[in-house]
Structure formats: structure tokens, C-alpha cells
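# Notes for the structure review
The primary structure of each chain is shown beneath.
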Amino acid sequence: MAIEKLSLAKAVNEALRSTMEADPKVLVMGEDVGKLGGVFRVTDGLQKDFGEDRVIDTPLAESGIIGTAIGLALRGYRPVAEIQFDGFVFPAYDQIVTQLAKMHARALGKVKLPVVIRIPYGGGIGAVEHHSESPEALFAHVAGLKVVSPSNASDAYWMMRQAVESDDPVIYFEPKRRYWDKAEVDTAAIPGPLHAARVAREGTDLTLAAYGPMVKVCLEAAAAAAEEGKSLEVVDLRSMSPIDFDTVQRSVEKTRRLVVVHEAPVFLGTGAEIAARITERCFYHLEAPVLRVGGMHAPYPPARLEDEYLPGLDRVLDSVDRALAY
Amino acid sequence: MAIEKLSLAKAVNEALRSTMEADPKVLVMGEDVGKLGGVFRVTDGLQKDFGEDRVIDTPLAESGIIGTAIGLALRGYRPVAEIQFDGFVFPAYDQIVTQLAKMHARALGKVKLPVVIRIPYGGGIGAVEHHSESPEALFAHVAGLKVVSPSNASDAYWMMRQAVESDDPVIYFEPKRRYWDKAEVDTAAIPGPLHAARVAREGTDLTLAAYGPMVKVCLEAAAAAAEEGKSLEVVDLRSMSPIDFDTVQRSVEKTRRLVVVHEAPVFLGTGAEIAARITERCFYHLEAPVLRVGGMHAPYPPARLEDEYLPGLDRVLDSVDRALAY
Amino acid sequence: MTVESTAARKPRRSSGKRTGTRKTPAAGQPELVQLLTPEGERVEHPDYLIDLTSDELRGLYRDMVLTRRFDGEATALQRQGELGLWASLLGQEAAQIGSGRALRDDDYVFPTYREHGVAWCRGVDPTNLLGMFRGVNHGGWDPNSNNFHLYTIVIGSQTLHGVGYAMGVAKDGADSAVIAYFGDGASSQGDVAEAFTFSAVYNAPIVFFCQNNQWAISEPTEKQTRVPLYQRAQGYGFPGVRVDGNDVLACLAVTRAALERARSGQGPMLVEAFTYRMGAHTTSDDPTRYRAEDERVEWEAKDPIQRLRTYLEKEGFADASFFAELEKESDALAKRVREAVRAMPDPEPMAMFEHIYADGHALVDEERARFAAYQASFADAEGN
Amino acid sequence: MTVESTAARKPRRSSGKRTGTRKTPAAGQPELVQLLTPEGERVEHPDYLIDLTSDELRGLYRDMVLTRRFDGEATALQRQGELGLWASLLGQEAAQIGSGRALRDDDYVFPTYREHGVAWCRGVDPTNLLGMFRGVNHGGWDPNSNNFHLYTIVIGSQTLHGVGYAMGVAKDGADSAVIAYFGDGASSQGDVAEAFTFSAVYNAPIVFFCQNNQWAISEPTEKQTRVPLYQRAQGYGFPGVRVDGNDVLACLAVTRAALERARSGQGPMLVEAFTYRMGAHTTSDDPTRYRAEDERVEWEAKDPIQRLRTYLEKEGFADASFFAELEKESDALAKRVREAVRAMPDPEPMAMFEHIYADGHALVDEERARFAAYQASFADAEGN
Ligand SMILES: Cc1ncc(C[n+]2csc(CCOP(=O)(O)OP(=O)(O)O)c2C)c(N)n1
Ligand SMILES: Cc1ncc(C[n+]2csc(CCOP(=O)(O)OP(=O)(O)O)c2C)c(N)n1
Ligand SMILES: [Mg+2]
Ligand SMILES: [Mg+2]
């Protein structure tokens, strides 16, 4: 049987292992990914099994990591580069935005850049500054990148395999506070498309759209709402670039109300785009404006405030109530 | 008389000169800002008059420019740092996002970061790659930064003075293809607030919201529409963080239709936030979804395609027609 | 393999006269400035003369002991759940106290996140350091009240802030100096290289103080460089020197000289303090996964505190009562810190909206108001 | 002022045996490797022996002449409005042809935006270089057909790509080498420093070729460094050497040696070609605003083409018919380029949507369809 119960972290690990076994060109690189297995142990055991030549501890320089990953990709490798935490991706932002994202287009398609950038992101683990951010909109705005985030171990496994197999750069955001959540992973399944959203729970009164760490919160909110007699549909977006608007639209045409939830700040977060586009697509269907629940226009707060900062059950349901009140 | 007819570039120059005269702590720094006066001559003559100690040619390193500007600000200076072109701000993105934007909050208000970052932005001048981008959303999403863009010489003058006087970091986007447009500047006027939008033309049928280089296009579109009997109101947003939603809302409550125009890619551009928020604020007023006209989800194209890529009169009017058809 | 092609090279002398070192280096290791051997023997170095009173020596000892005690207490507090994380300086006391005590009040410090000993020298109350590790703030002290900037977590960034600050010092015509701390891992960051470049071009009065504790989390220094880090400076046009980072006297002397150099208009200098991270990277780390215990044991013999104690005792500079007194003082410090941390309140939720901007921001105002109303809705609900 | 504290230092020798230089340097300038003097005299250098046939010498001369002619034609085409911009390599022909001709076919080049001479050596059709300057593409050639990567405009980025590529070469067990070009200004970018670090740590087979043309737009090299740039390498653990960048023989010999070193597993090396940007930064630039004419005049006397011509003529390696033939070939090249550029069509608008992703992207599909419909609406309107 190919069904295993895996934590999300372990599922990523297994996916890396299986792509590395299948394709000798797949490399893993980053700070502390070797002996340590990464600070979250996502690359645990890989260096031991694949050697230092394929699991590469890099100097402490994110621009260097992505810049050399680009060079390796140009040479025919498929690097999976780890950025240790969300807040440390910015030294590499230039290489990602001006080089990685644009090089395929610059070369009129003559070169491909199959680079995956793994970024543990989001809050909820009580960390210090720069360790809890959700910068996905800053990548999704940029053409040439694909941006995804799994919400569970099964998606984590398959989406990583698909990301590595993709010929495009993929920013793979790992919901760090879900690393330890276990779920069944069928490693023999035939996965759906990498960028398709998934209806995680069906409902009729309102659609909750979320991704990564917030899917669980939305499912809990839907369960709580059900007890109050409200039927919420939950869409796990899975991909922030591209966004599967068709699936959201179908859901909203049914429920006529949409609340988008993410940890990232609301202002110019992915929810803004979803609100704008779904409003355009479903103008005559919507009974209420698309509401958004997310982070404040504020630096991610100190850990002791993160429960207030992060959208939780109550804040989601507050917006659900507001939307239903229209 | 304090009224002069100035080009937009010269207006910025005059504003820098006047703040430098008023406050010895104001510094100008960047690549080629000295003898050359910057590649657009915006800092022309400043080094000659204020010396190398206050108008500083820096090494070719944007992270270094912003990082040292932060240090200078901590020491009590008010640096105005130039990034030579939009596409070259990314090596400094980390310093801007993780340091400049967050340091005031990190210090619980104990230090202030009065740093202005000048960035000539946008297309329309037939330039090579990286010289025509509109990355404002990537800054507006980040708390701790203020983001503004003048559309004309008078605003360029006053907004620069106010930006330098602000105790917060301000990203000041200069619409490079408007550098040579002249307008009257009253250097003795009492300016309005830095972050207030301005109704640039009154109208009743639909609101066009824009900023920077696109205001002129919208005014032309409004003039063209007027000939067809359509009355368009044009709002010059002037500030992208914060956005003056009150002014937009007032306009939309009157016109009931809104089209947002910017050069930046539509997907997760500032128009997304405006659409989302105005839809929420004006849900029962809007006769049509908020439409957006902007760049494609594509790298800025080679110069010979930029006229197709950039929103021009026809594309704006096309969306106006679409909105009016609802 | 990667060092092979450079192994044949002789250790290079740094070119500034005051920074050359003459001692014969241990086999395979480049020369380093040492004034107090691991065995507690005082040795001389022609370029770095230092003459301290017994009072001063005891002062350095006391600083190191109290810093270590504070550090240990913080580790314990983390284990007890009072702190979310702690980054211990265990083993690096000499590097931090030596360099920290070389500073004048008007000098300015840009630390990483591990400079608890330097903070101590600056007079920052140790409990203030704990706020960010407890998760109640991101660094609760006023940088200007002790000329000690906030901790910087994004590796290397602060070196540029230090250079900018130093450029400002020079513009002001002041004769203060700036010191920027960073680690061996940080030496790989582009920002640090840019800091070198800017400091050299503007001849900024700054000392770059690199604590090479030989590990960047799980990565040994070979993953960052194949030559000793102090040599990096030469290629940027200023001198670098390696000092025994477990020798508080040498760290003091070398940093003093480097600061003096900066003050007198001679520009930047790089000091590499060769030391060892005795503990885990942070309390979240498990070094048994990546390094051998013998390495740690080997470095225990070079302990910075023990060697000074041996010296103090041997020379009769301190008696039993001094050590007993200090023990008591340590206990008191630990107790005070423990109590202060436990009493540290969580911030009010509305604090999230404070100090984002100095001049205000309409969106923050809107979100603050909305959040307040949201919170009030619970109070109402509970009130009913 | 900023160089004062280093002025007292002796020029340092680079430490690798093969890269040391022995000639007495001109006053105030560090030693540089030279094999052909500005007066066209052939001199020997003990570390860089080279023995070229007259055929090869004429070949180098021809390369330089044709490159300069092409470059001049491009400048003219910009003036005529056929190109939006041109970045001339005038004065840097020897650095580019010398290093370019040192390459083997299987080596890989990462250029800046000014390596037209290197492109020529790689067999990239010159007209292909003009697409991006005309504004019809961002670099129209296939990097893999000539092992010549696209031009990179964001300063310094390509050095990291080069290192990554070189790491891949080493992983493949190939004995190819990589060369990454950058300028004196670029030396300040953090990316270049990180490239040095990565290349040293992984011992990557790469040559960093810095054309120090003494200007970064309006900024002289003193704004980037206070010591010669080749010295930067030492602090990263690999050798650096300065070569007369206007001496095609020296550039060839030194680059060859550096590539050989890389190929044989000895890791990276930095070559600083000391040259001069004879023209403006680009056609948009006006150097009269920031530099004195005498500097240019002084460097005219060191012209890379003239000195080789003098040598060829003096030694009888080339006769009048060779030069006349070459003149004709130049004219033909210029004509071909002129015609090809004028014939270069604007891209189709729909090309905007091509090659953004290799595997497609729903949003691009949507925008493409919408734009096509929008365009069609005009056709309809016109059709009616
Ligand atoms: C830009 C950035 N990347 C990664 C990290 C994660 N990180 C924190 S400390 C550390 C190692 C630092 O090593 P070093 O500079 O030697 O300092 P030390 O911890 O040894 O004092 C890393 C990789 C970070 N904080 N910032
Ligand atoms: C990151 C970045 N910053 C700024 C620029 C603008 N710019 C283009 S060329 C140049 C000077 C480059 O100087 P150098 O590296 O010496 O190369 P050269 O032009 O002399 O060949 C500058 C500042 C850029 N292209 N990229
Ligand atoms: Mg370390
Ligand atoms: Mg140059």
C-alpha cells in the first residue's frame, strides 16, 4: 500500500526524496539543510542518503543561494532551494524578481528555470521577529513566478513533486505551524493539477476561500457555523499564482457570498485580487461585498500578540456574520 | 512672485534645494547624483552648491545606499536616497522591508526613520529592460512605508518637501515620462496634506482613479469622453500608502462607477485594493463592478511593444464603455 | 578539498602597522593576538600593550561572570517556558566584554542578537534584553539612551546601519566611533561586503567586530570561507586582525586600538575574534546532530572566564572574598532577572497598532478603530 | 582623503604562484601584467608566456577591428534612431577579445551588457545583440547555442549565475570553465561578493573577469574602492591579478591561465583588466559633465588596436593588403549590420504574452484572450 500517515513536514521530505530518486538532476540547497536537516527537519536524512553533492549546505547568503540556483538550472539541474524563514527571503528578492522570474521570457523561451524555492511561512509558533511573515502577495504580483501553498500533508507531498517537475520557478510556501499535522498521503495516487483549487467542504450559504495555514481555521469555522445552522463552503485555493478563479466563481455563484481569509496583511494581500476579480465575475450574483479577513497593516507583532493578530475562528465568523447580514 | 513654470524634474530639484537650505540635516545620496546630477538631472547643481558632504555619490550598491541611509537617519540626518531606476530597487528591498519599514515599530517609537527614497518609475520612454517598471504595490503592501507619486510639477514640488519633512520613510515614485512636462508651481502656496487625493476633473457618470503618469492619460480620456457626451470624474490619488479612500468613495457615491488605471500589472496591483475596498464601502451605490486597466501579468515588454502594453486612451475608454454598459 | 589551493600560502600579515602580529601561530592556524593564554599566563604582544589595574582586571572578570550567569538564567527561563527562545553567548564572554569595555560612552554599538555581554557593558538592563525573547516586544530599549542599537535578526543588515551612522559621526565632526558586530556566518552576506565597501570609500570611523564562533547554526566556518575571515578586510583597503576571542585582555586591547584608529580619522578596521559557541545556536537548536562533543570539550579548556580567574588568583589580584561576593551578586542578578521576566506583562492587543508610523497613517487608524470595535463586541456580549 | 591611509602600503603581490607579477609598476599604480606596450613593443612576463603565430596575431587584430567597427556602427544607428540605446565598448576591445579568445567552445560566458567583443568571439551574430538595444526583445539569442548567456542589466547578478553554472560543471565532472564579466562599479554589489564566497567555498571552476574601465557612469573607481580591485580576491581565498586591459596579448595569456587553473580543479580566480571607457557610458550619457577631456586623450595613446597594429607592422606580420582587406571586411560588416537592423521588424503585440511561463499560466491565458478580443474590436470597427 502506498498510503502513509505523514506529518506535513515529513510529506515534503518524502516528496523531495522521491523526486531526487527519480531524477539525478534534482538538488536540495540552503542553509543548514544538510546534517541538521533544516531547522524544521524537512530535509532530514537527505544529505546522508544523497550525499553532499546533491544536498548542499550553502553559505549564509540568500541572494547567493538563489543566484547560484539559477546558474545550476541553466546548467540543467533542478534545484530546490530552501529559505530558512519567510522574513529572510528578501535578500534574495532581487534575484527572484529580476532574474529567476524573467529569464525564461528574456531568452524568448530558450532557457528554462525549474527552480523551486521552499519557504516556511506564517505565524502561530511563537517565534521572534521575521519568523512569522506571509509575503506571498509580493511574489504573486510578479509575472514569471508560480506561487503555491499546501494546507495538508497530502497536498504537501504532491504539490512538491509537481513543483519540482514544473519547468517554471515555483515559490512553495510551507505553512510552518501545520508542519506537525498528520494526514494520510497516498503516494501512488494520481494528483490533480498543481494550480487547481479544491472544495474542502461543501456548503450553500457562503464561501470561505483560504490557503495554507488558514484552511484549517476555515474548516473549523465552517464546523462551528454549522452548529448555528449556517452552511459554509470552504475552498482551499492551493495556488496564489495563478489563482483558480473558476472554482471560486462556481462556488460563489452558488453561495452568493465570499469571505477570503489569509494571514498576510489585508491591504494588497491576495484577498484584494480575489475580491476584485470575483466581484467582476459575479457582480450580479453577490449578495454582499467580498469581505476579507487577514493581518493588519502592521509589522507582525511580538509572539504574545499573535493570537490577536492572526485571523482565528472568531474573526472569521465575525466576517461571515457581517457578510450574511447584507 | 513665487509662481514659476517648472518641469516635473526641475520641481523635484527645487524642492530638494529648498529643504536642503532649510535643514542642514537633509542629505542627497545615490549613484551619479553628484557631478552628473543624476541620469535625469533631478539633482542637477546640488552637489556644486551643497558640497560632496551633502550630495553624496555612493558606491554602486543599492542595499548599501539604503542601509547607510538608515544609519544616517539614526544619527539624526534626513537622507533622500535615489534609486536610479525602478528595476534597480530590488537589491535594496531587504533593507527597505525588514529594516527601514520596521525599525520605528521595533524600537517602540524610540527612533525615527525620516528617509525618502526617490524612484523614477514607469514606462513610456523607450528604455531597455528594468527601466520601465511600476513596483509600487510591492511597497504599499508593507506596513511602515508611505508611498506617494506626483502626477505634475506642482505636486512634485510640494510632495517632495512634505516627504522630506515627514518623520516616516517615504517611497517617492517619480513618473519618469512626465519629467519634462511643465506646469506652474507656486512655491509660496500652502499645500494640502501629503496623502490626500485630489479631484483633478469633475464629472458625473464615472470615476477614473489614477496616479503618477496615468493621471494625464485619464484626463485625456475624460476630455475625449466629454466629446461623446460622457462626463468622467478624474481622481488623482497621489498616495498609494495610505490611499485616500474617502475621496474616492465620495466620488463613486456620486458617479456610481469606478475604473482604476495604473501602469503596474493589474494582478495584485493597487487597483485590486481599491476595487475591493470601494466595493465594500459603496456596495449599494455601484452600478458596475470596479474595473481595472493596467499592465499585463508579464515582464515589462521590449520598448517597441510598450505602447501596446501601457494603458492608453483607447484601453481606458474601452473599460469606461464596459463599465457604463452595466 | 576547498582549502587545498590556499593551504600553501603563508599567513599574511595585515598591513597596518599597529595591527601586525608577531607571535608564532599554532600549527595550521593563523596568528592571533593573545595577551592571556588559556593557562592564565600573561604574555606580551608588541603591538597591543595593555596595562590594567587589578581593579580593572577584577571588573572584567565580574562582567564576564555576571554576563554568563545572566545568560544561563535566560536559558533556564526559556526551559521553564518564560521565554520563547534564547540565544546564548556561552563561550563568547571575553569577546563581548573585551570589546564592550573598549568603548567610550559616546561610541555607538550595532549588535546582532547575541551581544548580551556588550549590552551589559553599555548599561542596558539585562531584563530589557529579554522582552523580545519572551515575545512581548521586538526589542524594548531606547537605542539612544545607551548608544546600543536594537538587536538585528536579519543577518548582516546592521553592519550597513553602523557604517551609515559612522558616516554621520564623521559629518558631525565628532570623534566618536561605531562598532558593528556580526558572526562568521554573516560574513557571507552581501550586506556585510557592501558595508566594507562603503566604510572604506567614506573612510568611516567604524570597527567591524566579527565573532567567529566557528558555527552558523549547523554550518562550520568552512562553509563560509576558505581563508581566515580577518583577511577579508585587506581586499577592501583596510586592515584586519585576528584576536583570541577567549582572551578578554586581547579583545580589549585590540578593539581599543581599532576604535582609536577610527576616532583619529584612519577609517575602518576588521577585528576577528576567534572564539567558540559553547552551547546550542539557540534553545531551539540541537547541536548533537551536527558537531562532535570533543570539539566542545577542547574549547572548554580555553574558557575565557577560567583563564582570567587563574591569572587573578595566581597574581593575587583577587581573593576568596571577591569570588564569594561575586557569587552572591550573580545570584542576586539571576533572581532579579527571573522575577522581572515573570512580572513582564503581555502587551495590550491595541499595542499592535502603535508606532507603525511616526506621523500616523489613515489605514492604521481605520484598522485600529475596527479592531477596537470588534474587541468591544465581545465585551458587550460578555456584558450582556 | 579616503586613500590616504593606504597610500603608504606597498603594492601587494597576489599569492598564487602563477599570478604574481614582477614588472616594476608605473608610479602610484600597482603592477600589471603586460606583454605588449602601448608603443607596440613585445615584452616578456615570466608567469605569462605566450607564443602566437602571425596568423593568430592577425586574427586578434581582425577581431578587435571588426568589433570596434560594429560598435561604431551601432552608435551611429542609435543616432539615426534605429536603436533606442547603445552601450559602446570603445577602448575595451583588447580586454574582450583577449579574454574571449582564451575560451574553449565548451566554456560558458556570463556577460554584462557591454561584452560585444566577447559575443563576437563566441560567434554570436552581432545583429543579434542589437535587438534589445532596438527594443524588439530583451536579448534575442539562444544562450546555449554559443555558450554565451544573455546580457544582464541588473549590475552584478550574473556573477552568481556564473558560479552556479560552474558548480554544475563541476558536478558533471566536466573540465569546462565559466567566465563571468563585470565592471569596476559592479564590484560594490553584494551579489559579486556573494559570488566570490560561493565560488571559493565550492571551489567552482570560474574566472571573474572585471573590466575596470575606471568609470561607473559618472563615478570614478575611487567611489567603489580605495585599493586596486584585483586585491579583493585574496580575502576570499583565491588569487587576483591585474592585467593591462588594453593589451590583447596579456589579456589572452592571463585569462587562458586562469581558465586552465579553473579547469584543473584549482578553483576561482579574479582577473582585473585595467582599461578605459573611451566613450560615453551609453548613448544617453554626457561624459563632459563629469570627466576631463585630457584623461581620454591620455588613454588614446594606449589604444589597444593601434598598439597591435604597430607591432604587426614593425614585425612584418601583416602587410598593407591585410589592412586593406580588413577595411573592406569592416565596411561589409557595418553594411550588413545596418541593413539587418533596419529590417528588424517590431514584434507582434501578442508576443507580450509568450514565454512568460514554460508550462503556461491561467492568468496569462485569460489576459491574452482578453487582449486579442480587444484588438479584434478595432479590426471589426475598421472593418465596418
Ligand atoms: C538573512 C538571514 N538568513 C537566515 C537567518 C537564520 N539564521 C539565524 S542565525 C543564523 C546563523 C548565524 O551565524 P553567525 O553569523 O555565525 O552568528 P552566530 O549565530 O554564530 O552568532 C542563521 C542562518 C537570518 N536570521 N537572517
Ligand atoms: C542594480 C543596478 N543598479 C544600477 C544600475 C544602473 N547602471 C547601469 S550601468 C551602471 C554603471 C556600471 O558600472 P560598471 O560596473 O563599472 O560597468 P561599465 O558600465 O563601466 O561597463 C549603472 C549604475 C543597474 N543597471 N543595476
Ligand atoms: Mg557563528
Ligand atoms: Mg566601469
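Each value, and the rule that gives it
- Residues numbered from 1 in each chain as written.
- Chains lettered and ligands numbered in written order.
- Predicted model: local features only at pLDDT ≥ 70, side-chain atom pairs only at ≥ 80, totals over all residues.
- Heavy atoms only, no water.
- Helix = DSSP H or I, 4+ residues; strand = E, 2+ residues; numbered from the N terminus.
- Buried < 20%, exposed > 50% of the residue type's maximum accessible area, 1.4 Å probe, protein only.
- Areas by Shrake-Rupley, 256 points an atom, 1.4 Å probe, with all protein chains shown as cover.
- Rg over C-alpha atoms; globule rule 2.2 N^0.38 Å.
- Contact = heavy atoms within 4.5 Å.
- Donors = N, O, S within 2.8 Å, 3.2 Å for Na, K, Ca; no water.
- Salt bridge = Lys/Arg side-chain N within 4 Å of Asp/Glu carboxyl O.
- Pairing = 2+ DSSP bridges.
- Axes fitted to C-alpha atoms, helices over the stretch in contact; angles between N-to-C directions.

Scanning chain A for helices and strands turns up 12 helices and 14 strands. Considering only C-alpha atoms, chain A reaches an extent of 60 × 40 × 40 Å along its principal axes. In chain A, which comprises 326 residues, the share counted as buried stands at 74%. Split by element, the accessible area of chain A, about 8,600 Å² in all, is 47% carbon and sulfur.

Across its full length, chain C holds 13 helices and seven strands. Against the globule reference of 21 Å for 384 residues, chain C gives a C-alpha radius of gyration of 22 Å, in line with a compact fold. Expressed along its principal axes, the backbone C-alpha trace of chain C runs to roughly 80 × 50 × 45 Å. Out of the 384 residues in chain C, the part that is buried amounts to 64%.

Tracing the backbone shows A:H104 in helix α5 (residues 103–106). Residue classification places A:H104 among the buried positions, given a relative accessible area of 7%. Look past the residues within four positions of A:H104 in its chain and what remains in contact with it is A:G109, A:V111, A:K112, A:L113, D:H355, D:I356, D:Y357 and D:A358.

Residues and elements named next belong to chain C. All of the protein donors around the magnesium ion (ligand 3) are D184 (OD), N213 (OD1) and W215 (O); their distances to the metal are 2.0 to 2.1 Å. Taken in sequence order, the residues that donate to the magnesium ion (ligand 3) follow the motif D-x28-N-x1-W. Taken together, the residues D184 in the loop between β2 (178–183) and α8 (190–201) and W215 in strand β4 (residues 215–216) connect sequence positions 31 residues apart.

Quick look at the coordination of the magnesium ion (ligand 4) now. Residue and element names in this part refer to chain D. The coordination sphere of the magnesium ion (ligand 4) contains the protein donors D184 (OD), N213 (OD1) and W215 (O), at a distance range of 2.0 to 2.1 Å. Site description for the magnesium ion (ligand 4): donor spacing in sequence, D-x28-N-x1-W. Of the residues examined, D184 reaches a relative accessible area of 1% and is grouped as buried.

Per the counting criterion, the structure on display carries 112 salt bridges over all chains. Among the salt bridges present, the one from C:R101 reaches C:D63, with a minimum N-O distance of 2.6 Å. One end of the pair, C:R101, is in the loop between α3 (93–100) and β1 (108–110); the other, C:D63, is in helix α2 (residues 54–79), and 38 residues separate them in sequence. For C:R101, a relative accessible area of 35% puts it in the partly exposed group. By relative accessible area, which is 3% here, C:D63 ends up buried. A single salt-bridge network, built from bridges that share partners, covers A:D246, A:E273, A:R277, A:R281, B:R292 and D:E366.

Quick look at the sheet that holds strand β10 (residues 206–210) of chain B now. Residues and elements named next belong to chain B. With respect to topology, five strands assemble into an open sheet ordered β9-β11-β10-β13-β14, the strand pairing being mixed. Two strands in the sheet have a free side with no partner beyond their single neighbour: β9 (198–201) and β14 (291–295). The mean angle between the axes of side-by-side strands here comes to 25°, regardless of whether they run parallel or antiparallel. Note: β10 against strand β13 (residues 258–265), three bridges, orientation parallel. Bridge pairing links A209 to V260 in β13. Seen against the sheet, helix α10 (residues 270–281) touches β13 and β14 and runs at an angle of roughly 155° to β13.

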